[in-house]
Amino acid sequence: MLIERIMLVKLLVLTLPLHFFFSCGDAFSYGSRPRNLGSTTHLRSTVSDDVMRSVTNIPSTSAQLSQNTFAGKVEQALMQRFKPSKIERVITSWRLAELGYEHREFVGDQQAPPITDAATSRCYQHAPSYVPGLKATAWWDNAGDDLAWAKSLSKSFESIRDEFTSVMSAPDKLSEGNNVWAGALSTDAESYGEGWKTLVLLNRGQWDENNAKLFPATSRAINQSGAPVAEAFFASMKPQTSIKPHSDFTNFVLTSHLPLVIPENGNNKCRLSVGDETREWLEGKVILFDTSIYHDAINDSEEMRYILMLRVWHPDLTKEEIEALQFIYDCLEIPELLSDDPGTVFMAEQRAKMVKEFPLIGSQASGGFGGVKGGKKTKGKAKRKKGRK
């Protein structure tokens, strides 16, 4: 009966799909819940740009959740599996989500240099899935130079791009993929418009076997980079389209782009704005930014724009916090993890482990979320093929 109840509650909690097949941090939120803005202060804006300028006060989370609820059972399991003092922020985050709290904050003071004009700035964070105490910086500069995984991806740029353009030029081969170029599946993603599509490789640590086999060089490059990646997918954007200012709702993952095909590369035709700063995509240059802060994009060219997009755990999270957050998502996917029967729990744990394994035969196993457990990197780069599409 417990599992039946858990399955019922799971359906009630997850009114969103397990992931959207497009670039939306909502894809990594806890799911749709009743909205509770708590104590909210609205700041009068002198501009009209679809940015809600308001701040909220975090409500008390001192009370434990009822163990008769799905959320309470998840909390209890977290307490049993981890030392509570090590995952205090994750427990707070889960309780806030259960309260329906949506965090809103002006984060201009966290930028470099600080931004002080809250009435006109777009440096507002909106995160219904919120872990307290994480740095909220719009642009994580020099990520491609300072982070080993970003350097690794940059070095793999040509082989990733060449594989991508090769598959794109072969419609019969592309048809072998799963949910190829799927669009938004939720009204929460209306700001993306119809011009934004994705092709998923990795979702919440689980590889899409069909798509990984369709793009083996790319999948291996991600897996071998050591990136703390939770999601990975190709994203397309049609010419002469834009994405409205929006938040991706989650502050404990950052977003990284490896631009693959940028029309009129270097001529500022394809641009991304995060907070108050706008930058252009440049082929082969890895960028890292915080999509819990209002952001928008535009393709002002006459051709399609393509990128490889990763969602990576926020650098301020500890190893224990990442594991605890992953356990929450495992419970949402596999509620048998909360069973009172040890045998059922064991089988569920094996399933959770299995779905994260790297699917390509002959490659080293993933260390979870794109990490690497030993193995050597594939040598050599594919020669660039002629005739992009």
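Conventions and cut-offs
Residues numbered from 1 in each chain as written. Predicted model: local features only at pLDDT ≥ 70, side-chain atom pairs only at ≥ 80, totals over all residues. Heavy atoms only, no water. Pairing = 2+ DSSP bridges. Helix = DSSP H or I, 4+ residues; strand = E, 2+ residues; numbered from the N terminus. Axes fitted to C-alpha atoms, helices over the stretch in contact; angles between N-to-C directions. Parallel < 35°, antiparallel > 145°, perpendicular 65-115°, else oblique. Left-handed = near helix turned anticlockwise from the far one by under 90°. Contact = heavy atoms within 4.5 Å. Nonpolar A, V, L, I, M, F, W, Y, C, P; charged D, E, K, R; others polar. pLDDT = per-residue confidence, 0-100. Salt bridge = Lys/Arg side-chain N within 4 Å of Asp/Glu carboxyl O. Buried < 20%, exposed > 50% of the residue type's maximum accessible area, 1.4 Å probe, protein only. Polar contact = N/O pair within 3.5 Å; in protein donor to acceptor, adjacent residues only side chain to side chain. Lys, Arg positive; Asp, Glu negative; His and termini not counted. Expected span 1.5 Å × (residues − 1). Core = buried A, V, L, I, M, F, W, Y, C linked by side-chain atoms within 4.5 Å. Phe/Tyr/Trp six-rings, centres within 6.5 Å; stacked < 30°, edge-to-face > 60°. Lys NZ or Arg CZ within 6 Å of the ring centre and 35° of its normal.

Student: Please clarify how the sheet that holds strand S8 (residues 241-246) should be interpreted in this entry.
Tutor: In any sheet, the strands associate via hydrogen bonds between backbone groups, in a parallel or an antiparallel arrangement. Read from one edge to the other, the open sheet built from 4 strands follows the order S8-S13-S10-S11, with strand pairing classed as antiparallel. In this open sheet, the two strands that pair with only one neighbour each are S8 and strand S11 (277-280). The sheet shows a mean angle of 15° between the axes of neighbouring strands, taken without regard to direction.

Student: Help me understand the packing of helix H2 (residues 70-81) against helix H10 (residues 319-333), please; the structure alone is not making it clear to me.
Tutor: Any two packed helices are characterised by the angle at which their axes cross and by the distance between the axes. As a packed pair, H2 and H10 sit with axes 11 Å apart at the nearest point and diverge in direction by 140°. Considering the angle they form, H2 stands oblique to H10. By crossing handedness, the relation of H2 to H10 is classed as right-handed. The residues of H10 that touch H2, namely those facing Phe 70, Val 74, Ala 77, Leu 78 and Arg 81, are Ala 324, Phe 327, Ile 328, Cys 331 and Leu 332. When grouped by side-chain class, the residues that make up the contact of H2 with H10 number 9 nonpolar, no polar and 1 charged.

Student: Would you mind showing me how to read the confidence of the model for the protein here?
Tutor: Interpretation of the predicted coordinates at a detailed level should be avoided for regions scoring low in pLDDT. Averaged over the protein, the pLDDT score is 83; the fraction of residues at 70 or greater is 76%. A low-confidence stretch, residues 1-27 stays under pLDDT 50, and its non-local contacts, those more than four residues away or across chains, total 73 contacts. In the model, residues 185-190 has pLDDT below 50 throughout and makes 11 contacts with residues more than four positions away in sequence or in other chains.

Student: Looking at this structure, I do not really get the pattern of salt bridges. What am I missing?
Tutor: Pairing is possible between side chains of opposite charge, provided their charged atoms come close. Taken as a whole and judged by the stated rule, the model has 13 salt bridges. Between Glu 323 and Lys 319 there is a salt bridge, and its shortest N-O distance comes to 2.5 Å. Here the residue Glu 323 and the residue Lys 319 both occupy positions in helix H10, the gap between them amounting to 4 residues, near one helical turn. Salt bridges sharing common partners tie together Asp 141, Glu 277 and Arg 279.

Student: Whenever I open this one, the pairing of strand S7 (residues 229-237) confuses me. Can you help?
Tutor: The side chains of a regular strand alternate, residue by residue, between the two faces of the sheet. Where burial is concerned, most of S7 is hidden: 9 out of the 9 residues are buried. Two elements, S7 and strand S14 (residues 305-313), share 8 bridges in a ladder whose sense is antiparallel. Looking at the pairing, Phe 233 lines up with Met 309 of S14.

Student: Please clarify how the environment of Lys 73 should be interpreted in this entry.
Tutor: Mapping Lys 73 onto the fold places it in helix H2. Taking C-alpha positions, Lys 73 is 9.3 Å from Ser 339, a pair spaced 266 residues apart along the chain. Within the structure, Lys 73 has its side chain in polar contact with the backbone oxygen of Gln 67 (distance 3.0 Å).

Student: Looking at this model, I keep getting lost on the side chain of Glu 163. Mind explaining?
Tutor: For Glu 163, the position within the fold is in helix H6 (residues 157-168). Here Glu 163 is buried and forms no salt bridge, its nearest opposite-charge partner Arg 220 lying at an N-O distance of 6.6 Å. The contacts of Glu 163, once residues within four sequence positions are left out, are Phe 215, Pro 216, Ala 217 and Thr 218.

Student: Got a minute to help me understand the pairing of S14 in this structure?
Tutor: A large share of S14 lies buried, amounting to 9 of its 9 residues. Relative to S14, strand S9 (residues 253-261) is paired through 8 bridges, and the arrangement is antiparallel. By the bridge assignment for S14, Val 253 is matched with Trp 313.

Student: Please explain the side chain of Ser 219 as it appears in this structure.
Tutor: Structurally, the position occupied by Ser 219 is in helix H9 (residues 216-225). Within the structure, the side chain of Ser 219 is placed 2.9 Å from the backbone oxygen of Phe 215, a separation counted as a polar contact. In contact with Ser 219, other than residues within four places in its own chain, are Leu 201, Trp 207, Ala 212, Phe 358 and Leu 360.

Student: Explanation requested: the packing of H2 against helix H3 (residues 88-99) in the structure shown.
Tutor: Between H2 and H3, the shortest axis-to-axis distance is 11 Å and the interhelical angle comes to 175°. Put simply, H2 runs roughly antiparallel to H3. Residue-level contacts link Ala 71, Val 74, Glu 75, Leu 78 and Met 79 of H2 to Ile 91, Trp 94, Arg 95 and Glu 98 of H3. The residue inventory of the contact of H2 with H3, partitioned by class, reads 6 nonpolar, no polar and 3 charged.

Student: I would appreciate a short explanation of H2 in the present structure.
Tutor: Since the α-helix packs 3.6 residues into each turn, any two residues three or four apart lie on the same face. For H2, which comprises 12 residues, the first-to-last C-alpha distance of 17 Å matches the rise-based estimate of 16 Å (1.5 Å per residue) to within 8%. Buried residues of H2: Phe 70, Ala 71, Gly 72, Lys 73, Val 74, Glu 75, Ala 77 and Leu 78, and no others.

Student: Sorry, what's going on with the nonpolar core here?
Tutor: Soluble globular proteins tend to pack their nonpolar side chains together in the buried interior. In this structure, Ile 222, Phe 234 and Leu 260 are the most contacted members of the largest nonpolar core, which totals 36 residues. When contributions to this core are tallied by element, the ones reaching two or more residues are helix H5 (148-155), H6, strand S5 (196-203), helix H8 (209-214), H9, S7, S9 and S14. For this core, the element with the highest residue contribution is H6, accounting for 5 residues. Every residue in contact with Leu 260, bar those within four places of it in the chain, is listed here: Phe 157, Ile 160, Arg 161, Phe 164, Phe 234, Glu 283, Tyr 306, Ile 307 and Leu 308. Counting 29 residues, the second-largest nonpolar core is a separate cluster that includes Ile 87, Val 90, Trp 94 and Leu 332.

Student: Explain the packing of aromatic side chains to me, please; I cannot follow it from the model alone.
Tutor: In this description, an aromatic ring pair is defined by two values, namely the gap between the centres and the angle between the planes. Considering all chains together, one arrives at 10 aromatic pairs under this definition. Taking the centre distance of 4.8 Å and the plane angle of 40° together, the rings of Phe 164 and Phe 234 count as tilted. In this pair, Phe 164 sits in helix H6 while Phe 234 sits in strand S7, placing the two residues 70 residues apart along the sequence. Residue Phe 164 shares its accessibility class with Phe 234, and that shared class is buried. Taking the centre distance of 5.0 Å and the plane angle of 75° together, the rings of Trp 207 and Phe 358 count as edge-to-face. Linking Trp 207 in strand S6 (residues 206-207) with Phe 358 in the segment after helix H11 (342-354), this pair joins segments that are 151 residues apart in sequence. Relative accessible area serves as the criterion here: at 9%, Phe 358 is assigned to the buried category. In this structure, Lys 135 is placed above the aromatic ring of Trp 140, and the distance from its NZ or CZ to the ring centre is 5.2 Å. Positioned above the aromatic ring of Trp 281 is the side chain of Arg 305, whose terminal nitrogen or guanidinium carbon lies 4.5 Å from the ring centre.

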